[in-house]
Amino acid sequence: MILHDQHVHSLFSEDSEEDLKKYYLKAKKLGCQYFITTEHVDLDIAGMGVDWLADFNELKEVLNNIKESDGPIPLLGIELGYRKDLKDKLLKIIKQHDFDLINLSIHDSGTMDYYFIEGFKEKGLKNTIRLYYEQMLEAVENWNDFNVLSHINYGYKTIYNYDPLYDFFSDIEIIKKILIVLIQKNKALEINTKVADDLPIENTIGLLELYKELGGSRITISSDAHELSRYLENFDKYVNIVKEIGFKYLCYFIKGEEKHFYL
Ligand SMILES: [Zn+2]
Ligand SMILES: [Zn+2]
């Protein structure tokens, strides 16, 4: 048995065209016991002014239709794009469904998406990074309805494009604060292989070592697949890193309950 991917987008997300059934069959072929997608909920997206809101009722129906008796058990997940000003609306959405897994993400500030370089140029690198981490710290401190903090280093590809010599460790104090809150609240930290693959490996290793040093033990490894070819992509590489640093298991979630997959 191998552990299923816990950050996956299908055509239920606005930025993916991938067929849900193809993912399911791949998970089955690889020997996963469970199958989950984490479709986007990002409201009032900066620069676009639109809502990305997956139709979870339809998703549940499709999951029910594609499941096979000898295949993985389907679970319901979500990637929740958090912003403080959207709290009430987000709360309403997550109360409508019985999610197995909630991945919490910081994607935009309300005026800029941290994925794009324009905002960094406009506000300056240091200021934007500070804004990003302060928003993340506020999120983990004040929002409790999540299991995993996704891609803590979401903006770093852009940061390195902006300044290839940027030192990840110069933000260590606020990153520490975020990790400490995660640890205190028993929330997991995601290693997002899509983001990590675009960054120097020292970034991921440094982050994991710091997390371990602070007492963290809850990790997920997820691909953030938007197409089939990336499902569980590069897991072996990151599993080896995680093991080498001394983590004993990876986490997964069923009805919000934490389970352990021993390495
Ligand atoms: Zn994301
Ligand atoms: Zn995602």
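Residues numbered from 1 in each chain as written. Chains lettered and ligands numbered in written order. Predicted model: local features only at pLDDT ≥ 70, side-chain atom pairs only at ≥ 80, totals over all residues.

## Some remarks on the overall build of the chain
Quick reminder of the rule: What counts as a helix is a DSSP run of H or I of at least four residues, what counts as a strand is a run of E of at least two, and both are numbered from the N terminus. Radius of gyration: over C-alpha atoms. The globule rule applied is 2.2 Å multiplied by the number of residues raised to the 0.38 power. Counting other C-beta atoms within 10 Å of a residue's own tells you its class, since 20 or more makes it buried, 12 or fewer makes it exposed, and anything in between is partly exposed; those C-beta atoms are placed from the backbone.
What the chain contains, in helices and strands, is 10 helices and nine strands. For the chain, whose C-alpha radius of gyration is 17 Å, the value lies close to the compact-globule estimate of 18 Å for 263 residues. Seen through its C-alpha atoms, the chain measures out along the principal axes to roughly 50 × 45 × 30 Å. For the chain, the residues scored as buried account for 40% of the 263 residues in total.

## Details of unusual backbone geometry
If you check the backbone angles, Asn-186 has positive phi at about 60° while not being a glycine. Looking at where Asn-186 falls in the secondary structure, it is placed in the loop between α7 (172–184) and β6 (188–192). A tally of 11 C-beta atoms within 10 Å means that Asn-186 is categorised as exposed. We note that Leu-232 has phi near 60°; this positive angle belongs to a residue other than glycine. Looking at where Leu-232 falls in the secondary structure, it is placed in the loop between β7 (219–222) and α10 (235–245).

## Some thoughts on the environment of Ala-196
Inclusion rule: Here, residue contact means that the backbone-derived C-beta atoms of the two residues sit within 7 Å.
Note that Ala-196 resides in helix α8 (residues 193–197). When the 25 C-beta atoms within 10 Å are taken as the criterion, Ala-196 is described as buried. Residues Ala-196 and Gly-216, spaced 20 residues apart in sequence, show a C-alpha to C-alpha distance of 19 Å. Those residues within four positions of Ala-196 in sequence are excluded, and the remaining contacts are Ile-191, Thr-204 and Tyr-238.

## Looking at the packing of helix α9 (residues 201–213) against α10
This is how it is decided: Lines fitted to C-alpha atoms define the axes here, with helix axes fitted over just the stretch in contact, and angles between the N-to-C directions of these axes take values from 0 to 180 degrees. Left-handed describes a crossing whose near helix is turned anticlockwise from the far helix by less than a right angle; the clockwise case is right-handed.
Their axes nearest at 10 Å, the elements α9 and α10 cross at an angle of 35°. Crossing hand, α9 versus α10: right-handed. Across from Thr-204, Ile-205, Leu-208, Glu-209 and Lys-212 in α9, the residues of α10 making contact are Ile-241, Val-242 and Ile-245.

## Looking at the environment of Glu-18
As for its position among the elements, Glu-18 is in the segment before α1 (20–30). Glu-18 sits 10 residues away from Val-8 along the chain, and the two C-alpha atoms are 9.9 Å apart. Residues contacting Glu-18, with those up to four places away along its chain left out, are Ser-10, Leu-11, Tyr-23, His-226, Glu-227 and Leu-228.

## Some remarks on the pairing of strand β3 (residues 73–81)
Note the following rule: Pairing between strands is defined by DSSP: at least two bridges between them are needed.
In terms of burial, β3 is a largely internal element, seven of the nine residues being buried. Here eight bridges tie strand β1 (residues 34–42) to β3, and the two strands are oriented parallel to one another. Bridge pairing in β3 links Thr-38 to Gly-77. Pairing analysis gives five bridges linking β3 to strand β4 (residues 101–105), with the strands arranged parallel.

## Comments concerning the sheet that holds β1
Within the open sheet, the seven strands sit side by side as β2-β1-β3-β4-β5-β6-β7. Their pairing is mixed. Each having just a single partner strand, β2 (52–53) and β7 make up the two edges of the open sheet. As paired strands, strand β5 (residues 148–149) and β6 are joined by two bridges and run parallel to one another. Bridge pairing links Val-148 to Ala-188 in β6.

## Some remarks on the nonpolar core
What counts here: Nonpolar core, as used here: buried Ala, Val, Leu, Ile, Met, Phe, Trp, Tyr and Cys residues forming one set through C-beta atoms within 7 Å.
Ranked by internal contacts, the top residues of the largest apolar core, which has 62 residues, are Leu-80, Leu-104 and Ile-219. Looking at which element gives the most residues to this core, the answer is helix α5 (residues 125–142), with five residues. The residues touching Leu-80, leaving out its near neighbours within four places in the chain, are Val-41, Leu-90, Ile-94, Ile-102, Asn-103, Leu-104, Ser-105 and Phe-146.

## Details of the pairing of β4
Note the threshold: Convention used here: a crossover is right-handed provided that the path from the first strand, over the helix, to the second strand proceeds clockwise when the strands point away from the viewer.
Across the five residues that make up β4, a large majority, five, are buried. Neither face of β4 is exposed, since Leu-101, Asn-103 and Ser-105 on one face and Ile-102 and Leu-104 on the opposite face are all buried. On the question of chirality, the crossover connecting β3 to the parallel β4 by way of helix α3 (residues 87–95) is right-handed. When β4 meets β5, the two strands line up parallel, connected through two bridges. Bridge pairing in β5 places Leu-104 opposite Leu-149.

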